[in-house]
Number of protein chains: 4
Amino acid sequence: MPKKIQILVIGHNTNGCTEEHSKIAYETGAEVAKSGSVLISGGLGGVMLAACHGAHDANGLTVGIIPQKDASEANEYCDVVIPTGMGLMRDFLNSHSADGIIIIGGGSGTLSEICAAYMDKKPMVSIRNMGGVTQQFIDNYVDHRKNIKIIGVDTPKQAVDKILELITASK
Amino acid sequence: MPKKIQILVIGHNTNGCTEEHSKIAYETGAEVAKSGSVLISGGLGGVMLAACHGAHDANGLTVGIIPQKDASEANEYCDVVIPTGMGLMRDFLNSHSADGIIIIGGGSGTLSEICAAYMDKKPMVSIRNMGGVTQQFIDNYVDHRKNIKIIGVDTPKQAVDKILELITASK
Amino acid sequence: MPKKIQILVIGHNTNGCTEEHSKIAYETGAEVAKSGSVLISGGLGGVMLAACHGAHDANGLTVGIIPQKDASEANEYCDVVIPTGMGLMRDFLNSHSADGIIIIGGGSGTLSEICAAYMDKKPMVSIRNMGGVTQQFIDNYVDHRKNIKIIGVDTPKQAVDKILELITASK
Amino acid sequence: MPKKIQILVIGHNTNGCTEEHSKIAYETGAEVAKSGSVLISGGLGGVMLAACHGAHDANGLTVGIIPQKDASEANEYCDVVIPTGMGLMRDFLNSHSADGIIIIGGGSGTLSEICAAYMDKKPMVSIRNMGGVTQQFIDNYVDHRKNIKIIGVDTPKQAVDKILELITASK
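Residues numbered from 1 in each chain as written. Chains lettered and ligands numbered in written order. Predicted model: local features only at pLDDT ≥ 70, side-chain atom pairs only at ≥ 80, totals over all residues. Heavy atoms only, no water.

As recorded in an unreviewed UniProt entry, chain A goes by the name TIGR00725 family protein, listed as coming from Candidatus Nitrosomaritimum aestuariumsis.

The following block contains the structure:
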């Protein structure tokens with residue numbers, strides 16, 4: 001049996017995450033779980049928490065890679081916790097751990113994860129109209145290198161379908 | 001439902017791992033799985049591979065935290081792979097990710113994980129008569145600080161029983 | 001004698017660095033040195049190399065924090081080399097090591113350093129009209145948190161004067 | 001002009017460092033400086049502080065690579081501070097940054113640095129009769145791989161002469 005696909009969901013943390021973001025993130029987590037993939041996340045609040053919650057409720061496996069050294073800092077829906085003790089430098093571990101990434105809005109932290117993923121040339125999709133600094137990169141490249149284009153989608157279901165398609169194509 | 005306990009199994013990598021080490025590591029992985037705990041490991045060869053294999057065959061969940069940036073470097077029995085891209089610095093992530101540690105022999109790499117775990121004050125047990133530089137620390141402290149004593153045990157079953165007891169006592 | 005101020009200079013690496021960028025980076029490095037500050041950089045090519053070169057020629061001290069594990073990968077103008085072996089995750093170490101940051105154009109790697117510095121709330125100035133994805137953040141915030149505004153300047157001399165002023169104000 | 005040699009001095013931190021250790025570390029730092037080499041250290045107390053003090057008084061250049069994210073945590077004799085924000089994982093950065101290592105006693109933290117250096121195959125010398133868990137590895141290998149033998153010496157002057165000889169031989 002081949003290893004399950006690992007999908008990273010990123011976006012607004014507690015500061016910036018609206019009810020709408022949480023709803024979308026919850027559904028995205030659920031879709032990740034239904035697809036049989038493992039949900040990777042930063043393991044804290046906002047979009048991270050909602051995505052873990054959704055995946056958890058859909059009987060998926062959730063992994064939280066957190067900045068702190070103490071596992072108890074992770075949200076309650078993380079089945080596996082990797083407490084890095086490295087602060088936000090863990091954003092790069094999130095990217096390294098992903099076969100593909102789904103973006104739901106997001107500020108500077110999400111942007112650093114996008115930069116890491118872009119430099120890692122990992123497939124990325126972004127749900128449209130979620131706001132944040134990351135919005136501008138939808139259907140676009142992060143820089144002149146044109147490493148990988150971030151593909152815009154409209155729903156959680158589309159996000160998971162599209163990222164799985166991109167992951168398959170990249171192997 | 002509370003989060004599952006995460007048990008790290010460390011020891012000789014391919015260089016130094018005998019058939020005896022592999023057998024013991026396989027059984028230890030299986031006991032970790034049977035206890036309902038998650039097996040954390042360095043995700044590569046030798047004791048790491050055998051422990052993952054044992055946990056996998058006993059229907060457990062296995063996580064490999066590897067030095068490389070590419071998940072394909074992990075052994076085939078890792079259900080979840082965290083490719084750190086940090087080289088052997090990942091030894092500290094292994095310790096941070098563990099509620100408790102089981103030691104099966106080991107050289108300099110295992111010793112660096114023991115130092116990390118000792119500084120993290122994580123419970124540790126070591127299976128006796130497995131050789132390696134780590135042998136001397138069984139039923140002993142790593143240094144004058146007496147942070148935490150590494151408890152010697154004789155079998156994989158005893159190792160898992162004892163580490164679970166120590167983890168429970170430490171919470 | 002108080003410790004010297006540490007100024008990080010970031011921008012286009014070899015891929016993207018024009019003669020104009022190199023000229024500006026060289027002058028910026030020289031101005032950092034003349035101010036009596038230590039030049040911190042990513043230690044590789046493009047803007048990093050030119051800034052080190054300029055600081056070196058002006059008898060300054062240069063530190064290169066590189067992704068590789070081997071010091072010989074640093075450019076020849078680094079007086080001190082910190083070989084991290086962590087890949088591009090080292091972008092966060094660059095930010096942590098800076099009292100203030102000067103930006104000269106830049107792509108996704110520079111942007112990840114800006115995100116790190118923004119989350120660290122480090123003072124930042126950016127030389128105008130140097131292009132790249134980072135251009136848009138001049139005289140702007142990276143996200144809705146408004147942690148710290150990236151101040152636009154027109155010359156290397158202005159960049160160093162302004163960053164020293166901002167560093168002093170932040171202490 | 002070729003880059004200066006970078007010598008890492010490690011040993012007991014505040015917990016464990018006696019006046020004798022401090023005296024020896026101070027002299028070692030001074031000898032590193034007199035040799036024209038850069039002193040690398042963990043940037044905190046005990047042997048780290050004394051070595052930085054000695055190098056500083058002998059007009060050497062000192063670099064402190066610290067676990068914390070804030071440079072102000074470094075001891076006052078660090079000319080350059082690299083605040084890693086990675087906790088004790090920074091022990092590996094110390095090793096990566098060293099052309100050679102001088103050991104002055106030490107507990108579990110020093111031992112993790114020795115393991116890192118041993119796996120990096122960096123030349124190491126250790127001053128004799130300084131105690132600590134690291135004592136046993138003098139004139140010995142850390143494990144069965146026999147990567148590199150830690151050479152015992154009796155004085156700070158001998159330590160620096162020997163490490164420079166080993167570094168030259170290793171290039």
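Still more to cover.
Draft legend 1. The arrangement of the overall build of chain A in detail. In terms of helices and strands, chain A carries five helices and seven strands. Along chain A, from the amino end to the carboxyl end, the secondary structure elements read β-α-β-α-β-β-α-β-α-β-β-α. Taken over the C-alpha trace, chain A has a radius of gyration of 14 Å; the compact-globule value for 171 residues is 16 Å, and the two agree within 12%. Each principal axis of the C-alpha distribution contributes one length, and for chain A these read about 40 × 35 × 30 Å. Burial status across chain A gives 63% buried among its 171 residues. Put simply, chain A shows about 5900 Å² of open surface, and 49% of that area lies on carbon and sulfur atoms. Computed over 15 positive and 18 negative side-chain charges, the inter-centroid distance for chain A is 9 Å. (Helix = DSSP H or I, 4+ residues; strand = E, 2+ residues; numbered from the N terminus. Rg over C-alpha atoms; globule rule 2.2 N^0.38 Å. Buried < 20%, exposed > 50% of the residue type's maximum accessible area, 1.4 Å probe, protein only. Areas by Shrake-Rupley, 256 points an atom, 1.4 Å probe, with all protein chains shown as cover. Lys, Arg positive; Asp, Glu negative; His and termini not counted. Charge placed at Lys NZ, Arg CZ, Asp CG, Glu CD.)

Draft legend 2. The arrangement of the relation of the copies chain A and chain C in detail. Mapping chain A onto chain C calls for a screw motion: a turn of 180° about the axis and a shift of 0.0 Å along it, with 0.0 Å RMSD after fitting. Those values place the two copies in the arrangement expected of a two-fold rotation axis. Residues of chain A ranked by C-alpha distance from the rotation axis are headed by Ser112 of chain A, positioned 2.5 Å from it. Of the interface residues in chain A, 100% have counterparts in chain C that sit at the interface too, so the contact is made through matching surfaces. (Least-squares fit on C-alpha atoms with pLDDT ≥ 70 in both. Contact = heavy atoms within 4.5 Å.)

Draft legend 3. View of the sheet that holds strand β3 (residues 62–66) of chain C. All names here are of chain C. Strand order across the open sheet formed by seven strands is β4-β3-β2-β1-β5-β6-β7, with parallel pairing between neighbours. Since the sheet does not close on itself, it has two edges, and those belong to β4 (80–83) and β7 (151–153), each with one partner. Going across the sheet, the axis of each strand differs from the next one's by a mean of 25°, ignoring polarity. Where strand β2 (residues 38–41) meets β3, three bridges bridge the pair, whose relative direction is parallel. (Pairing = 2+ DSSP bridges. Axes fitted to C-alpha atoms, helices over the stretch in contact; angles between N-to-C directions.)

Draft legend 4. Local environment of the packing of helix α1 (residues 19–34) of chain C against helix α2 (residues 47–57) of chain C. Residues and elements named next belong to chain C. Direction vectors running N to C along α1 and α2 enclose 40°, while the axes themselves pass 6 Å from each other. Put simply, α1 runs oblique to α2. For the pair α1 and α2, the sense of crossing is right-handed. Here α1 contributes His21, Ser22, Ala25, Tyr26, Gly29, Ala30 and Ala33 to the contact with α2, which in turn contributes Val47, Ala50, Ala51, His53, Gly54, Ala55 and Asp57. (Parallel < 35°, antiparallel > 145°, perpendicular 65-115°, else oblique. Left-handed = near helix turned anticlockwise from the far one by under 90°.)

Draft legend 5. Geometry of the sheet that holds strand β5 (residues 100–104) of chain A. Residues and elements named next belong to chain A. With parallel pairing, the seven strands of this open sheet are ordered in space as β4-β3-β2-β1-β5-β6-β7. Strands at the two margins of the open sheet, each flanked by one partner only, are β4 (80–83) and β7 (151–153). Each neighbouring strand pair of the sheet contributes to a mean axis angle of 25°, computed without reference to strand direction. Summarising the sheet, strand β6 (residues 124–127) and β7 pair through three bridges and their orientation is parallel. Residue pairing in the sheet places Val125 in a bridge with Ile151 of β7. Lying on the sheet, helix α2 (residues 47–57) is in contact with β1 (6–11), β2 (38–41), β3 (62–66) and β5; it crosses β2 at an angle near 165°. Where helix α5 (residues 156–170) meets the sheet, its contacts fall on β1, β5, β6 and β7, and the angle it forms with β6 comes to roughly 170°.

Draft legend 6. Molecular detail of the interface of chain C and chain B. Each partner contributes to the interface: chain C provides five residues, whereas chain B provides five residues. Between chain C and chain B lies a buried interface of about 290 Å² when both sides are counted; carbon and sulfur atoms form 62% of it. When the buried surface of chain C facing chain B is broken down by residue, Gly85, Met86 and Met89 of chain C rank first, second and third, together holding 83% of it. At the boundary of chain C and chain B, one finds zero salt bridges. In this structure, the connection of chain C to chain B is made through zero residue pairs in polar contact (both at pLDDT 80 or more). Here the residues of the side of chain C that touches chain B sort into two nonpolar, three polar and no charged. (Buried area = accessible area lost by both parts, 1.4 Å probe. Salt bridge = Lys/Arg side-chain N within 4 Å of Asp/Glu carboxyl O. Polar contact = N/O pair within 3.5 Å; in protein donor to acceptor, adjacent residues only side chain to side chain. Nonpolar A, V, L, I, M, F, W, Y, C, P; charged D, E, K, R; others polar.)

Draft legend 7. Representation of the interface of chain A and chain C in the model. Taken together, the contact pairs 26 residues of chain A with 26 residues of chain C. On the chain A side of the contact with chain C, Met89, Phe92 and Ser108 of chain A bury the most area, a combined 28% of that side's loss. At the junction of chain A with chain C, the criterion picks out zero salt bridges. Elements supplying a minimum of two residues to the side of chain A that touches chain C: α3 (90–96) and α4 (108–119) of chain A. It is α4 of chain A that provides the largest number of residues to the side of chain A that touches chain C, a total of seven residues. Broken down by class, the residue content of the side of chain A that touches chain C amounts to twelve nonpolar, eleven polar and three charged.

Draft legend 8. Spotlight on the packing of aromatic side chains. Following the criterion strictly, the structure yields two aromatic pairs over all chains and no others. Note on Phe92 of chain A and Phe92 of chain C: the rings are 6.0 Å apart at their centroids and 90° apart in plane angle, and the pair reads as edge-to-face. Pair noted here: Phe92 of chain A is in helix α3 and Phe92 of chain C is in helix α3 (residues 90–96), and the two residues belong to different chains. Phe92 of chain C matches Phe92 of chain A in its accessibility class, with the two residues each being buried. (Phe/Tyr/Trp six-rings, centres within 6.5 Å; stacked < 30°, edge-to-face > 60°.)

Draft legend 9. Inspection of the relation of the copies chain C and chain B at higher detail. If you rotate chain C by 180° and push it 0.0 Å along the axis, it lands on chain B with an RMSD of 0.0 Å. In this assembly the copies share their binding face: 100% of the residues contributing to the interface of chain C also contribute to that of chain B.

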